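The residues making up each chain are set out below.
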Amino acid sequence: ILFYGGRLGQSVVDGLYVQTLHPELVFAGQDVTRLDAAAAESGQNPGPRADAVMSYDEKNRMVYLFGGTDADGTTKNDLWVFSRDLGTWVQLSDGSGDEAPPAALAAGLSQSPIDGSLVVVAGGLAEGQTASVWRWVNEQWQAERVPQGG
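Since the model is a prediction, treat every value here as computed from it, not as a measurement.

Asker: I tried to follow the packing of aromatic side chains on my own but got confused; where do I start?
Answerer: By convention here, two paired aromatic rings are described through the distance between centres and the angle between planes. Summed over all chains, the structure comprises 6 aromatic pairs. Ring geometry for Phe66 against Trp141: centres 6.0 Å apart, planes inclined by 75°, an arrangement best described as edge-to-face. Taken as a pair, Phe66 in strand E6 (residues 62-70) and Trp141 in strand E12 (residues 140-144) lie far apart in primary sequence, 75 residues in all. Both residues of the pair, Phe66 and Trp141, count as buried. Taken together, a centroid distance of 5.1 Å and an interplanar angle of 65° make the contact between Trp136 and Trp141 edge-to-face. Residue class for Trp141 comes out buried when judged on its relative accessible area of 6%. One aromatic cluster is present, built from ring pairs that chain together Tyr4, Trp80, Phe82 and Trp89.

As structure tokens, then:
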């Protein structure tokens, strides 16, 4: 299982970790390994955050991370990728501008099996906002039309 950061008591922490599961499905804290320690030392990583969503591209050994809440409680809408081969994070989108998914407390992130693009479903939005679907294609966000009621 791959996971990023999270909450530790009152603190929000950073780091990309892999947790080895045992046949008994018992959590064994000693089997947690940080994958991005070198990137964290350089300061080039998403920083402390909780509630981010991730998707793993097994073929290319890339981990994509979208959004989450930072240590100040700000809900983010940025997009990062971590290369398991290089051990580095790269920010793909800082989430600024009108052409980006809204910051959301509840989101989903998946990779399309058809074209490999990333798809974000943003929900849990501020009052007055509606859920939306966005696709990351050719290094830019594209809003997708969602049929009424669907």
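Asker: What am I meant to see in the sheet that holds strand E11 (residues 132-137) here?
Answerer: In sheet architecture, strand pairing relies on hydrogen bonds along the backbone and comes in two forms, parallel and antiparallel. Pairing within the open sheet is antiparallel, and its 4 strands lie in the order E9-E10-E11-E12. For this open sheet the edge positions go to strand E9 (106-111) and E12, each flanked by a neighbour on one side alone. The average angle at which neighbouring strand axes cross in this sheet is 25°, direction not considered. The sheet contact formed by E11 and E12 spans 5 bridges and is antiparallel. Pairing of Val137 across the sheet is with Gln140, part of E12.

Asker: Please clarify how the nonpolar core should be interpreted in this entry.
Answerer: Where a protein is soluble and globular, its nonpolar side chains tend to be buried together. Grouped together as the largest cluster of nonpolar side chains are 12 residues: Val53, Tyr64, Phe66, Leu79, Val81, Ala100, Leu109, Leu118, Val120, Trp134, Trp136 and Trp141. Breaking this core down by element, the ones donating at least two residues are E6, strand E7 (75-83), strand E10 (118-123) and E11. Excluding residues that lie within four positions of it along the chain, Val120 makes contacts with Phe66, Pro101, Gly108, Leu109, Ser132, Val133, Trp134 and Trp141. By size, the runner-up hydrophobic cluster in this structure holds 8 residues, among which are Tyr4, Ala39, Leu65 and Phe82.

Asker: What am I meant to see in unusual backbone geometry here?
Answerer: Its identity is not glycine, yet Arg61 carries a phi of approximately 55°, on the positive side. With respect to the element layout, Arg61 can be found in the loop between strand E5 (53-57) and E6. Assessed through its relative accessible area of 32%, Arg61 is described here as partly exposed.

Asker: Is there a simple way to think about the pattern of salt bridges in this case?
Answerer: Between side chains of opposite charge, a pair can form when the charged atoms approach closely. Using the criterion set out here, one finds 7 salt bridges in the structure. For Arg34, the salt bridge identified is with Asp36, shortest N-O distance 2.7 Å. For Arg34, a relative accessible area of 28% puts it in the partly exposed group. Under the relative-accessibility criterion, Asp36 is labelled buried at 0%. The residue Arg135 makes a salt bridge to Glu144 at a minimum N-O spacing of 3.5 Å. Residue Glu144 is classed as partly exposed on the basis of its relative accessible area of 30%. Look at the salt bridges and you will find they share partners, linking Asp14, Arg34 and Asp36 into a network.

Definitions and limits used
- Residues numbered from 1 in each chain as written.
- Predicted model: local features only at pLDDT ≥ 70, side-chain atom pairs only at ≥ 80, totals over all residues.
- Heavy atoms only, no water.
- Phe/Tyr/Trp six-rings, centres within 6.5 Å; stacked < 30°, edge-to-face > 60°.
- Helix = DSSP H or I, 4+ residues; strand = E, 2+ residues; numbered from the N terminus.
- Buried < 20%, exposed > 50% of the residue type's maximum accessible area, 1.4 Å probe, protein only.
- Pairing = 2+ DSSP bridges.
- Axes fitted to C-alpha atoms, helices over the stretch in contact; angles between N-to-C directions.
- Core = buried A, V, L, I, M, F, W, Y, C linked by side-chain atoms within 4.5 Å.
- Contact = heavy atoms within 4.5 Å.
- Salt bridge = Lys/Arg side-chain N within 4 Å of Asp/Glu carboxyl O.

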